[in-house]
Amino acid sequence: MLPPPKVSTTVLSPAQTLVDGRVPQLYSTARRYTLLIIFCFAQFLDAVNNSALFSAIPSLIVALDITESQSTWIISAFQLTFASFLLISGRLSDVYNPKIAFISGIAGLGVISIGAGFVNDKIILIVLRALSGVVAALTIPSALTLIVNVFTEPSEQDRAIAAFGGCGAIGNVLGLVIGAIFVEYASWRWVFWFVALVAIPIAATCLFLIPPQEPALEGVEPQVAKWKTLDIVGVSILTVALILFIFSITSGSTDGWGSAAVLVPLIVSIFMVVGFFYYETIIPPSKAAVPPMTWFFPNFSVLFGTALLPYFWWTTIFSTYTNLWQGVYLWSVISSAVHMIPIGVMSFSTSFTGPLARRISPKYLIIAGESLMVLATILLALADGPDKYWPYVFPGFVIGSTGTMLTFTHTKYHRIFRTSPPAMAGTVGAIFNGALQLGSAVGIAAVGSITSSVQEKVGTDTYAGQRASFWFLLGIVGLELLAVLVFYRVDAEVPSEARAPEAKADAPGYGNERLHEKLDSKTPGELSVSPV
């Protein structure tokens, strides 16, 4: 007599059933695209919340008695906390769930913005800006995770992610126009209140429209224990290090680069950054904000370096020309913002080039984008007068924005999901968004310091300071271009079609626990990205 068959206790991964060769959708078309519009509004709002203040800074300097160097912190305070807390916001989506993280972030941004509009003290405003960065950081990784969960068909998912990224680019430029309109016809306070008027209704709508989401780490109980899975210590170390680093850079032009006020925070920040990465190696990888093995994913390191570049380029343009046109050329706030529109038009148009990666290696698309950035930066360095807008600045904006968005699109919103396990989309997305904001924060500080240092020697009526900043920017772009040429491996790319059958099974919020259970036991060499 044959023994009865043994019942296997091994839980298999849910297999994805294809319908006519395609991954079936879980939600109706109307619901999917309504949610996409909401997520795009959130991305747009995060960008506007920052870029609109470029138009308002001249008014803020007068209204709150802020010096030009202190005004940098109105932008940097948001970017620094945004970049740092992005590293654990993806983890928050896993531990709790992306719906709660998204709604909490967008609602918190609205509430803080209401308060910021009533502030009359510069210190309180900077603190509120920093808090805005913390809550805004909750929205991006959670929105990305929700997009991946809602759009299960790979090609449609690619288009949705491209639109999501494109709205950020549009928000960066339209924010200048929106801020200019409020400053010109109302008050700088309405820049903040506008954010609140949009954010709070979005949060209320999402309570009912976003489908229920299960936390990826369902076994982490009780609630208090969940916080122990967040890398609060590591993120705090990194945040303080970045604040000290930015402080040293912004103080260099006024206190002198050899002064203790500059060297001490600079040296301490470097040691703290080193300490952060060391700390990440001694805690369980599943709890680390930046798991060490992520640097070993195919092309991850070179793409991370490239991700520092797009917002750096755009922020340099915004800060340089806003101050130059309004402060030196005496253009109106509206006129200055309107002259920036070509950046938004070209950025939005180029954001839909994602499908090109199916025919052309992203390496060559990124190289093409960075080559255009090189050409544009040279043109802008030569634009030494108000009469040079059309022959130099306008083509520089068109060429540069096309190149920057081409680099942005194929570095981030397509390639990060092809070089890392799908279940780590939230974590990897947070790291790359953090790189974007970090590049912007460090960039605006460095460019501002270079411009001020040169202007102290030759005066503010010349273009020498701005030209020096653009030559510095050119060096950074050239370095990134060289890095992609040398270190990007085409043979390590994973075709998107090869990942289609597992798109849902391994999507964030669906089976992530399998990955996190393995992270602590695998070495970087053992954790690889399988094409099938």
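Residues numbered from 1 in each chain as written. Predicted model: local features only at pLDDT ≥ 70, side-chain atom pairs only at ≥ 80, totals over all residues. Heavy atoms only, no water.

K.L.:
How would you explain the overall build of the protein if you had to name every residue and give the values?
P.N.:
Per the secondary structure count, the protein includes 19 helices and zero strands. Within the span of the protein, comprising 532 residues, buried residues form 59% of the whole. Within the protein, residue pairs in contact and separated by at least 24 positions form 84% of the contacts whose partners lie at least 6 positions apart. Here the protein has roughly 21,100 Å² of accessible surface; of this, 69% comes from carbon and sulfur atoms. (Helix = DSSP H or I, 4+ residues; strand = E, 2+ residues; numbered from the N terminus. Buried < 20%, exposed > 50% of the residue type's maximum accessible area, 1.4 Å probe, protein only. Contact = heavy atoms within 4.5 Å. Areas by Shrake-Rupley, 256 points an atom, 1.4 Å probe, with all protein chains shown as cover.)

K.L.:
Can you explain the nonpolar core? Please cite residues and give values.
P.N.:
Judged by nonpolar contacts, the single largest core of 98 residues is most densely connected at F39, Y321, M340 and F397. In terms of residue count, the dominant contributor to this core is helix 1 (residues 29-63) (15 residues). Not counting residues up to four positions away in its chain, the partners in contact with M340 are V173, L176, I317, F318, Y321, T322, W325 and F397. (Core = buried A, V, L, I, M, F, W, Y, C linked by side-chain atoms within 4.5 Å.)

K.L.:
Describe the packing of aromatic side chains, with residues and values.
P.N.:
Each aromatic ring pair is characterised by the separation of its centres together with the angle its planes make. The final tally for this structure, using the stated rule, is 29 aromatic pairs. Judged by centre distance (6.0 Å) and plane angle (10°), the rings of Y311 and F408 are stacked. Here Y311, found in helix 12 (residues 309-328), pairs with F408, found in helix 16 (residues 389-413); they are 97 residues apart in sequence, far enough to count as distant. Accessibility assignment for this pair places Y311 and F408 in one class, buried. Taking 5.8 Å as the distance between ring centres and 35° as the angle between the ring planes, the aromatic pair formed by Y321 and F470 counts as tilted. Taken as a pair, Y321 in helix 12 and F470 in helix 18 (residues 464-487) lie far apart in primary sequence, 149 residues in all. Taken together, the ring pairs in this structure connect Y321, W325, Y329, W331, Y389, W390, F394, F397 and F470 into an aromatic cluster. (Phe/Tyr/Trp six-rings, centres within 6.5 Å; stacked < 30°, edge-to-face > 60°.)

K.L.:
Provide a residue-level description of the environment of N433, including the pertinent values.
P.N.:
If you trace the backbone, N433 turns up in helix 17 (residues 425-458). On the basis of relative accessible area, N433 is assigned to the buried category, the value being 5%. Each C-alpha atom of the pair N433 and S84 lies 9.8 Å from the other, and the pair is 349 residues apart in sequence.

K.L.:
Talk me through the packing of helix 6 (residues 154-185) against helix 12; I want residue IDs and the actual numbers.
P.N.:
Two numbers describe how helix 6 lies on helix 12: the axes approach to 12 Å, and their chain directions differ by 5°. Classified by the angle between their axes, helix 6 and helix 12 sit roughly parallel to one another. Listed contacts from helix 12 to A169, N172, V173 and L176 of helix 6 are Y311, W314, F318 and T322. Grouping the constituent residues of the contact of helix 6 with helix 12 by class yields six nonpolar, two polar and no charged. (Axes fitted to C-alpha atoms, helices over the stretch in contact; angles between N-to-C directions. Parallel < 35°, antiparallel > 145°, perpendicular 65-115°, else oblique. Nonpolar A, V, L, I, M, F, W, Y, C, P; charged D, E, K, R; others polar.)

K.L.:
Can you lay out the side chain of S113 for me, pointing to particular residues and giving the numbers?
P.N.:
Tracing the backbone shows S113 in helix 3 (residues 98-116). Among all residues touching S113, those that are not within four sequence positions of it are N49, F192, W193, V195 and A196.

K.L.:
Got a sec to walk through the pattern of salt bridges? Specific residues and values, please.
P.N.:
Counted by the stated rule, this structure contains four salt bridges. In this structure, E156 engages R32 in a salt bridge whose closest nitrogen and oxygen atoms are separated by 3.2 Å. Placement of the pair is E156 in helix 6 and R32 in helix 1, with a sequence separation of 124 residues. R32 carries the same exposure label as E156, and that label is buried. Where K388 meets D384, a salt bridge forms, and the shortest distance between an N and an O atom there is 2.7 Å. Look at the salt bridges and you will find they share partners, linking D384, K388 and R467 into a network. (Salt bridge = Lys/Arg side-chain N within 4 Å of Asp/Glu carboxyl O.)

K.L.:
Account for unusual backbone geometry, with residues named and values stated.
P.N.:
Residue D65 is not a glycine yet carries a positive backbone phi of 55°. Although it is not a glycine, N299 sits at a positive phi angle of roughly 65°. By the secondary structure assignment, N299 is in the loop between helix 10 (260-282) and helix 11 (300-307). By relative accessible area, which is 9% here, N299 ends up buried.

K.L.:
Could you give an account of the packing of helix 1 against helix 4 (residues 122-136), naming the residues involved and the relevant values?
P.N.:
Closest axis-to-axis distance for the helix 1/helix 4 pair is 11 Å, and the angle between their directions is 165°. Between helix 1 and helix 4, the angle falls in the class roughly antiparallel. The crossing of helix 1 and helix 4 is left-handed. Here D46, N49, N50, L53 and L60 of helix 1 come into contact with helix 4, specifically with L125, R129, S132 and A136. Class assignment of the residues belonging to the contact of helix 1 with helix 4 gives a composition of four nonpolar, three polar and two charged. (Left-handed = near helix turned anticlockwise from the far one by under 90°.)

K.L.:
Account for the state of the cysteines, naming residues and giving values.
P.N.:
On inspection of all chains with the given rule, the structure shows zero disulfides. With no disulfide of its own, C167 lies closest to C40 among cysteine sulfurs, the gap being 3.7 Å. Owing to a relative accessible area of 18%, C167 belongs among the buried residues under this scheme. (Disulfide = S-S within 2.5 Å.)

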